[in-house]
Amino acid sequence: MSSDLLVDLHDDLGGDDSPSAALDQLKLVQDKQWPPDDPVSISKSVTDIKSLSEGSHLERDDPFYEIAKHQIVEVAGDDNFGRKVIVFSACRMPPHSQLDHHKLLMYLKQTLDKYVESDYTLIYFHHGMTSENKLSLSWLRDAYREFERKYKKNIKAFYIVHPTMFIRTVLIFFKPLISFKFGRKIHYVNYLSELEEIVKCDQLVIPSRVRAYDDKIRLNLKPSVVPGPISPPRSPPLPFQQFGVPLSVLRDRGADSEGIPLVMRDTISFLQEQGLQTEGIFRRSANVNLVKSIQHKYNSGEEVNFFQIEDVHLAAVILKTFLRELPEPLLTYKLYNDVVNFQHVDSESQVITIRNMLMSLPEENYASLRFLIQFLGQVSAESEVNKMTNTNLAVVFGPNLLWGQDAAMTLSSIGPINNFTRTLLDLHEEVFAQ
């Protein structure tokens, strides 16, 4: 999708007319034909669209319902480095006659508005973009004007999955016009298995058509160069491992008398003293190598002292990473349906309903959840300084507290999960009252 490659054209092109002039140069390549789709892929695309038509997270009377129902744009929780993941699937775009492209642009902005204040990752599934549904030059011009600096400054990585020669050519063509800083954020991903380095694919919204195409190109490779499976088998846990281990096991690995895991105690105690007034706490990512180093130390039984490291954002990312890597979410799979349906509970019954829900949690889960939520209440109390209200905290922590056992994270599920998390934060003093 060439629009995503253009929205960060550098201002040093000169003058207000330069972006439009640059976009006009697309005429040199826009008539190039996209690779034809095979019949199998097309049939799978139709199946995808039919199954998604009733899956919108918006009500039918919402002005963006007709756009959202295609699920072209999705939010898939966090990547492996604590950044929100926005997914754009070209194969879910219907033909021009069936899609209002101006509304698509407005819907894309509306979706991003909820997340662009945090560091985020964009994953673009290119397979399925054809002459029937590709975006017009006028749309690209509008996109360039609409996507201001706030949409670009916090994007930390842009992954183009299954790139074609056409999109590679477009990138080369615009290389002189794209800022060096943004150019370093663009990465090609040839196979879905490579995404495991970035995000858990079982929680990622990957259209069946894209999976089928990936299987097809993998089968055409020589055995010596076939990439590994999308989800590689987990290695046996280390004797002191803290990440990716059930809370029940961690009770015997440094948890306190209430069952609070070591990583949660270390990060939260540091953040309570050093991070409560840090603007954007939990919205920034951290150095990838540092994150891996801290995880390795914990898993090897080494001591980690955040007071010596003095990096608030690193501690915040480690806390989110710990929660996200639990084999079962802190709120457990058992509560998934109750949480997703919580939006239908009337306000007068919310406290007792949440209490009853949480009573089903294992002791260590309940203790850890209470410990975390009470800390987040302290963060929210300083929201005038740190800008993290309960709503903002719910957007950050919702997908890290709960996800489906067999389903990818989508806007349809993330919305209710975030809503429950915000309500829990709003009512936490009553919910956890002794």
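Computed from a predicted structure; not experimentally measured. (Residues numbered from 1 in each chain as written. Predicted model: local features only at pLDDT ≥ 70, side-chain atom pairs only at ≥ 80, totals over all residues. Heavy atoms only, no water.)

### Section: the overall build of the protein chain
Defined as follows: A run of DSSP states H or I qualifies as a helix once it reaches four residues; a run of E qualifies as a strand once it reaches two. Both are numbered from the N-terminal end. The buried label goes to any residue with under 20% of its type's maximum accessible area, the exposed label to any with over 50%, and the partly exposed label to all in between, with areas taken from a 1.4 Å probe on protein chains only. Here, residues are in contact when the closest pair of their heavy atoms is within 4.5 Å. For every accessible area listed, the method is Shrake-Rupley and the probe measures 1.4 Å; residues are considered covered only by the protein chains on display.
Assigned secondary structure in the protein chain consists of 22 helices and 5 strands. Counting only residues that meet the buried cut, the protein chain has 55% of its 434 residues in that class. Pairs at least 24 apart in sequence give 79% of the contacts found in the protein chain among residues at least 6 apart. When the accessible area of the protein chain is evaluated, it comes to approximately 20000 Å², of which 49% is carbon and sulfur surface.

### Some words on the packing of aromatic side chains
Quick reminder of the rule: Ring pairs are drawn from Phe, Tyr and Trp, using the six-membered ring of Trp, whenever the two centres fall within 6.5 Å, and their geometry is named by plane angle: stacked under 30 degrees, edge-to-face over 60, tilted for the rest. For a ring to carry a charge above it, either NZ of a lysine or CZ of an arginine must fall within 6 Å of the ring centroid while also lying within 35 degrees of the normal to the ring plane.
Counting across every chain of the model gives 10 aromatic pairs. Here a set of aromatic residues connected by ring pairs shows up, and it is made of Phe243, Tyr298 and Phe322. The ring of Tyr188 carries the charged tip of Arg168 above its face, separated from the ring centre by 4.3 Å.

### What about the nonpolar core?
Basically, it comes down to this: Residues grouped as a nonpolar core are buried Ala, Val, Leu, Ile, Met, Phe, Trp, Tyr and Cys residues, joined through side-chain atoms within 4.5 Å.
Membership of the largest hydrophobic core comes to 101 residues, with the highest contact counts inside it found for Phe282, Leu358, Leu369, Leu372 and Phe375. For this core, the element with the most residues is helix α15 (residues 312–324), which contributes 9 residues. The next biggest cluster of nonpolar side chains, apart from the first, holds 18 residues, and it includes Cys91, Ala157, Leu192 and Ile206.

### Quick look at the packing of helix α17 (residues 350–358) against helix α21 (residues 411–426)
Going by this rule: Whenever a helix is involved, its axis is fitted only over the stretch in contact; in every case the axis is a line through C-alpha atoms, and angles between N-to-C directions fall within 0 to 180 degrees. The scheme is simple: roughly parallel for angles under 35 degrees, roughly antiparallel for over 145, roughly perpendicular for 65 to 115, oblique for anything else. Asp, Glu, Lys and Arg are counted as charged, while Ala, Val, Leu, Ile, Met, Phe, Trp, Tyr, Cys and Pro are counted as nonpolar; the rest, among them Gly, fall into the polar class.
In the contact formed by α17 and α21, the axes pass within 11 Å of each other and the chain directions differ by 105°. Judged on the interaxial angle alone, α21 and α17 are roughly perpendicular. Between α17, through Gln350, Ile354, Met357 and Leu358, and α21, the contact on the second element is made entirely by Phe420, Thr423 and Leu424. Counted by class, the contact of α17 with α21 contains 5 nonpolar, 2 polar and no charged residues.

### What to know about the packing of helix α12 (residues 262–274) against α15
To be explicit about the condition: Rotating anticlockwise by less than a right angle from the far helix to the near helix defines a left-handed crossing, while the corresponding clockwise rotation defines a right-handed one.
The interhelical angle for the contact between α12 and α15, taken along N-to-C directions, is 145°, at an axis separation of 9 Å. As for the relative orientation of α12 and α15, their crossing is left-handed in sense. Along its contact with α12, which presents Val263, Met264, Thr267, Ile268, Phe270, Leu271 and Gln274, the element α15 presents Val312, Ala315, Ala316, Ile318, Leu319, Phe322 and Leu323. A breakdown of the residues in the contact of α12 with α15 according to their chemical character gives 12 nonpolar, 2 polar and no charged.

### Brief notes about the environment of Glu363
Relative to the helices and strands, Glu363 resides in helix α18 (residues 363–381). Taking the relative accessible area as the measure of exposure, Glu363 reaches 62% and is therefore exposed. Linking Glu363 and Glu258, residues 105 residues apart in sequence, is a C-alpha distance of 8.3 Å.

### Observations concerning helix α5 (residues 101–113)
Rules: Take the number of residues in a helix, subtract one, and multiply by 1.5 Å to get its expected span. Polar contacts, as counted here, are pairs of nitrogen or oxygen atoms within 3.5 Å of one another; within protein the pair requires one atom able to donate a hydrogen and one able to accept it, and residues that are adjacent in sequence qualify only if both atoms are side-chain atoms.
If you check α5, its first and last C-alpha atoms are 18 Å apart, about what 13 residues at 1.5 Å a residue would give, namely 18 Å. When α5 is considered as a whole, its buried residues turn out to be His101, Leu104, Leu105, Tyr107, Leu108, Lys109, Thr111 and Leu112. If you check the start of α5, you find a side-chain oxygen 3.0 Å away from the backbone N of His102, and it comes from Asp100.

### Describing the pairing of strand β3 (residues 120–125)
A regular strand places its side chains on the two faces of the sheet in alternate fashion. Heads up, the rule is: Convention used here: a crossover is right-handed provided that the path from the first strand, over the helix, to the second strand proceeds clockwise when the strands point away from the viewer.
Counting buried residues in β3 gives 6 out of 6 residues, a clear majority hidden from the surface. Here β3 shows two buried faces, one formed by Tyr120, Leu122 and Tyr124 and the other by Thr121, Ile123 and Phe125. In terms of handedness, the path from strand β2 (residues 84–89) via α5 over to β3 forms a crossover that is right-handed.

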